[in-house]
Amino acid sequence: MDELLVAEIIGTVAFALSGFYVAVKEKLDLLGVFIASFLTALGGGIVRDTIADRAPYTFTHLMPTVLVIAVIALSIVLRLHQKDEIEKKFYFIVSDTLGLVSFSISGALVGLQAEFNFFGVILLALLTAVGGGVMRDILLNRVPILLTSEFYGTVALMVGVLLFGCNVLGILGVVSLMVVFGFGVALRLLAYYKQWHLPKIRE
């Protein structure tokens, strides 16, 4: 499915850039930067394909790894590693958001291709979107952004729900994917700048 490939490319590039920013903030060496970027960009997809009983796309195609290396090289050439407070910069927020929504879509599409039920589709959307970031944060001894950030995992779940609904209604296609993509990006950015959070349990 061409839509799945497009979502994979956007998600890989965006999350590789996000992983690069986090690695720079943690002052990792070049190998550490590659590992952080690789995990962020491709870890969720590997988990997704394993659950869907598919050979991981990352291990059967060169494109994902080439994209990660290209993003790292370009980021170094553009001296993005010299920016201050990277995680608060607009381009970091946008890249992370694009990766989140794109991989949510690719996860949901793989779940639908595998004929998963409603729970399976939305869970695969969530795992694809946040799996790599969780691996990276655990490796760096950070609290995963999934557990603390504004509507982060919620956006992935909502994307999965919407795509499952589109499939049930028979309207899943390029137009509906673009609408869901735009909705997911807008919701994530709005939640970030409005500081929306799900309710927390107080002592």
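Going by the structure above, here's the rest.
Here is what the cut-offs are and how they apply
- Here the residue numbering is sequential within each chain, running from 1 through the sequence in written order.
- Thresholds applied to this predicted model are a pLDDT of at least 70 for local features of residues and 80 or more for the giving and counting of side-chain atom pairs; totals over whole chains, interfaces and linings are not thresholded and use all residues.
- Here the side-chain values reflect all heavy atoms present in the structure, with hydrogen atoms and water set aside.
- Each Phe, Tyr or Trp ring, with Trp reduced to its six-membered ring, pairs with another whose centre is within 6.5 Å; inter-plane angles below 30 degrees give stacked pairs, above 60 give edge-to-face pairs, and intermediate values give tilted ones.
- Summary of the burial criterion: residues with accessible area below 20% of their type's maximum are buried, those above 50% are exposed, and those between are partly exposed, where the area comes from a 1.4 Å probe applied to protein chains only.
- One side-chain nitrogen of Lys or Arg within 4 Å of one carboxyl oxygen of Asp or Glu is enough to make a salt bridge.

Asks: Explanation requested: the packing of aromatic side chains in the structure shown.
Replies: Following the criterion strictly, the structure yields five aromatic pairs and no others. Ring geometry for F20 versus Y21: centroids 6.2 Å apart, planes at 65 degrees, classification edge-to-face. With a relative accessible area of 2%, F20 lands in the buried category. Ring centres of Y192 and Y193 lie 5.0 Å apart, and the angle between their planes is 90 degrees; this geometry places the pair in the edge-to-face category. Classification of Y193 as partly exposed rests on a relative accessible area of 48%.

Asks: What is the right way to look at the pattern of salt bridges in this model?
Replies: Pairs may arise between side chains of opposite charge once their charged atoms sit close together. By the definition in use, this model includes six salt bridges. One salt bridge in this structure joins R48 and D49, with 2.9 Å as the shortest N-O distance. Summarising the burial analysis for this pair, R48 and D49 share the class buried. One salt bridge in this structure joins R54 and D49, with 3.1 Å as the shortest N-O distance. If you follow the salt bridges from partner to partner, you end up with E8, R48, D49 and R54 in one network.

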